[in-house]
Amino acid sequence: MKIAVVGTGYVGLVAGACLAETGNDVICADIDQGKISRLHAGEIPIYEPGLEPMVERNLREGRLTFTTDVAAAAAEAEVIFIAVGTPPGEDGSADLKHVLAVAETIGKSMPDDGPEKIVITKSTVPVGTAAKVKDAIRRHTSRAFHVCSNPEFLKEGAALQDFMKPDRVVVGVESEHARQRLGELYAPFVRTGNPILFMDISSAEITKYAANAMLATRISFMNTIAQLCEAVGADVGLVRQGIGTDERIGPGFLFAGIGYGGSCFPKDVKALVHTLQATGVDAAILEGVEKVNADQKKVLLRRAVERFGDDLSGRTFAVWGLSFKPETDDMREAPSLEVVRGLVKRGARVRAHDPEARDEAAHYFADLLAEGALQLCEHNYDCLEGSDALLILTEWLAYRNPDFDRIRESLAEPVILDGRNLWDPARMAGLGFEYTSIGRTPAAAPAEAGAAAD
Ligand code: NAD
């Protein structure tokens, strides 16, 4: 099939590469000239495991091309995916200006002959958007075309695997032709029997928000339970196992931590709250989810203040992990943004490490780097020397089994504030650390051998 993917960000680039991988002829279009130039040069603008070789292979074999000419790409293709960003507007609703700009371009560039085009919103868009896309196209052409909703469920960090082997593909359609063509397009991705769920367009649009809002709700729920565990001396890890083994609940997305971030959950929960309110539906449950999350992002900052006082001038903190989760360089709405800025605002200096988010961090923290309040370290151990405490913000694999002696000897004080529950509190106490984590009681330091004998 001849496919155009408009918007070459995380979703568009992954979708384009995977669709080319299954033999389609794919052109990825983006208005960002810099991004397209880098892609032409074989450079991948994002960190996503496995993406680079897949893009290279399909470029080399001629199935994948890149352009800044959105109109020409749309005019050529039978199937057009709209995968541009839908950032939050001022009122929290999803801003559709990019989606509708692409729809206008598609309408204006509709050729007079050739197969009827299928236009698919892959961006996360509120219920009712497909109708707006249809109107925007219709204003510029009298030719027949089909509009569908095909929300994307990939996770950054596992995006290729998610796209190539999805749990399910959700497709909202209103014509038999679109249903048949999309069935053919997705058949290679569901060979093991996972379903393609065809439904009406409104249900497909709502499904994406419902999925993200449900996952965000589980996170905020567990963070609330973690606070209760801390208050009474219980262990949220044990509670997680206790409920996660219940078939009705399942084990996923039950880890307590320092709140959700990233490019999707925060904006999608906000947008769904807006849609609920605009439709007259009580949004209390999701307003609560947002409130808990906003508070949870500050938990490590509060701990630092409790431990070292509100005035942190003269203090230095080591931070491991800046991306909003492991296996990605994405720092959009990452808890690290709040924590690092909060520490610096109180006078502290921060030395931070992240295996992949260095460039992103240089962008987000340009001001702090310029004023010398933040230093980005090459190696995670480089942050430690003379620091007053180590803060764990992202659970990268490389942090999980560190050299604890080296950490203890490097830090000015053996204090670890762990926002991701990487280690066992009793073990950490045994190793001589003052260790706090989320939803678990810090273990007391073991008694001195002599004292125990008394
Ligand atoms: P992104 O910001 O990484 O990429 C969006 C791209 O669209 C950018 O490269 C931008 O230059 C381009 N663009 C904007 N306006 C354009 C126009 N008029 N014509 C052509 N290109 C244009 O965004 P993303 O993370 O890929 O997300 C895209 C959509 O997919 C969003 O709606 C998002 O909510 C949704 N989504 C994202 C993820 C994820 O994990 N990132 C997962 C599922 C769904």
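None of these values were measured; they are calculated from a predicted model.

Quick notes on the rules
Residues numbered from 1 in each chain as written. Predicted model: local features only at pLDDT ≥ 70, side-chain atom pairs only at ≥ 80, totals over all residues. Heavy atoms only, no water. Helix = DSSP H or I, 4+ residues; strand = E, 2+ residues; numbered from the N terminus. Buried < 20%, exposed > 50% of the residue type's maximum accessible area, 1.4 Å probe, protein only. Domains from an automatic or database assignment. Contact = heavy atoms within 4.5 Å. Buried area = accessible area lost by both parts, 1.4 Å probe. Salt bridge = Lys/Arg side-chain N within 4 Å of Asp/Glu carboxyl O. Polar contact = N/O pair within 3.5 Å; in protein donor to acceptor, adjacent residues only side chain to side chain. Near = heavy atom within 4 Å. Areas by Shrake-Rupley, 256 points an atom, 1.4 Å probe, with all protein chains shown as cover. Nonpolar A, V, L, I, M, F, W, Y, C, P; charged D, E, K, R; others polar. Pairing = 2+ DSSP bridges. Right-handed = clockwise from strand over helix to strand, strands pointing away. Expected span 1.5 Å × (residues − 1). Arc of directions from axis to C-beta. Phe/Tyr/Trp six-rings, centres within 6.5 Å; stacked < 30°, edge-to-face > 60°. Lys NZ or Arg CZ within 6 Å of the ring centre and 35° of its normal.

Caption draft 1: Representation of the environment of Thr192. Here Thr192 is to be found in the loop between α8 (176–186) and β8 (196–199). Taking relative accessible area as the criterion, Thr192 reaches 74% and is therefore assigned exposed. Taking the C-alpha atoms as reference points, Thr192 and Val273, 81 residues apart in sequence, are found 36 Å from one another.

Caption draft 2: Main features of the domain arrangement of the protein chain. What the domain assignment lists for the protein chain is domain 1 (2–199), domain 2 (209–295) and domain 3 (297–453). Look at where the C-alpha atoms of domain 2 and domain 3 centre, and you get two points 24 Å apart. Domain 2 puts 19 residues into the contact, and the matching count from domain 3 is 21 residues. Regarding the contact of domain 2 and domain 3, the summed buried area is about 1500 Å², with carbon and sulfur atoms giving 51% of it. Looking at the side of domain 2 facing domain 3, the largest losses of area belong to Glu230, Ile258 and Asp295, adding up to 40% of the total buried there. Counting the contacts that link domain 2 with domain 3 gives two salt bridges. Our enumeration of links across domain 2 and domain 3 arrives at nine residue pairs in polar contact (both at pLDDT 80 or more).

Caption draft 3: Structural context of the site of the ligand. By nearness alone, 26 residues border the ligand, and Asp30, Lys35, Thr86, Glu156 and Lys267 come closest of all. One nitrogen or oxygen atom from the main chain of Val11 is found 2.9 Å from an oxygen atom belonging to the ligand. One nitrogen or oxygen atom from the side chain of Glu156 is found 2.8 Å from a nitrogen atom belonging to the ligand. Starting from 830 Å² of accessible surface for the ligand in isolation, the protein chains cover 88%. Those elements that provide at least two residues to the shell around the ligand are α1 (10–21) and α5 (97–108). Classifying every residue of the shell around the ligand gives ten nonpolar, eight polar and eight charged. When residues of the shell around the ligand are sorted by domain, at least three fall in each of domain 1 (2–199) and domain 2 (209–295).

Caption draft 4: Quick peek at the pairing of strand β4 (residues 79–82). A two-sided burial pattern is seen for β4, the buried positions comprising Val79 and Phe81 on one face and Ile80 and Ile82 on the other. Examined bridge by bridge, β4 and strand β5 (residues 117–121) share four bridges and lie parallel to one another. Each bridged residue has a counterpart across the sheet, and for Val79 the counterpart in β5 is Ile118. Taking the sense of rotation as the criterion, the β-α-β connection linking β4, α5 and β5 turns out right-handed.

Caption draft 5: Seen up close, the pattern of salt bridges. A complete count under the given rule lists 30 salt bridges for this structure. Residues Arg57 and Glu21 are paired through a salt bridge, measuring 2.8 Å at the closest nitrogen-oxygen approach. Remark: Glu21 occurs in helix α1 and Arg57 occurs in helix α3 (residues 51–60); sequence separation between them is 36 residues. By relative accessible area, which is 28% here, Arg57 ends up partly exposed. Since its relative accessible area comes to 26%, Glu21 is described here as partly exposed. Between Glu174 and Lys134 there is a salt bridge, and its shortest N-O distance comes to 2.5 Å. One end of the pair, Glu174, is in the loop between β7 (169–172) and α8; the other, Lys134, is in helix α6 (residues 129–138), with 40 residues separating them in the sequence. Classification of Lys134 as partly exposed rests on a relative accessible area of 31%.

Caption draft 6: Representation of α1 in the model. Taking 1.5 Å of rise per residue, the twelve residues of α1 would be expected to cover 16 Å, and the 16 Å separating its terminal C-alpha atoms lies within 8% of that figure. Within α1, ten of the twelve residues are buried, which leaves the element mostly enclosed by the surrounding structure. Buried residues of α1: Tyr10, Gly12, Leu13, Val14, Ala15, Gly16, Ala17, Cys18, Leu19 and Ala20, and no others. Just downstream of α1 lies Gly23, where phi reads positive at about 100°.

Caption draft 7: Quick peek at α6. Here α6 has its buried residues at Thr129, Ala130, Val133, Ala136 and Ile137. All buried residues of α6 project into a common sector of 120° when viewed along the axis, lining one side. Where α6 is buried, its residues meet β4, α5, β5, β6 (145–149) and α9 (201–232).

Caption draft 8: The packing of aromatic side chains, seen in detail. In this structure the tally under the stated criterion is eleven aromatic pairs. Judged by centre distance (5.2 Å) and plane angle (80°), the rings of Phe404 and Trp423 are edge-to-face. Linking Phe404 in helix α17 (residues 404–410) with Trp423 in the loop between β13 (415–418) and α18 (425–430), this pair joins segments that are 19 residues apart in sequence. With respect to burial, Phe404 and Trp423 carry one shared label: buried. Between the aromatic rings of Phe404 and Phe433, the centroid separation amounts to 6.0 Å while the plane-to-plane angle is 65°, which identifies the pairing as edge-to-face. Here the residue Phe404 occupies a position in helix α17, and Phe433 occupies one in the loop between α18 and β14 (434–436), the gap between them amounting to 29 residues. With respect to burial, Phe404 and Phe433 carry one shared label: buried. An aromatic cluster of three or more residues is present, and its members are Phe404, Trp423, Phe433 and Tyr435. In this structure, Arg168 packs its charged tip against the face of Phe153, placed 3.6 Å from the ring centre. The ring of Tyr381 is capped by Arg406, whose NZ or CZ atom sits 4.1 Å from the centre of that ring.

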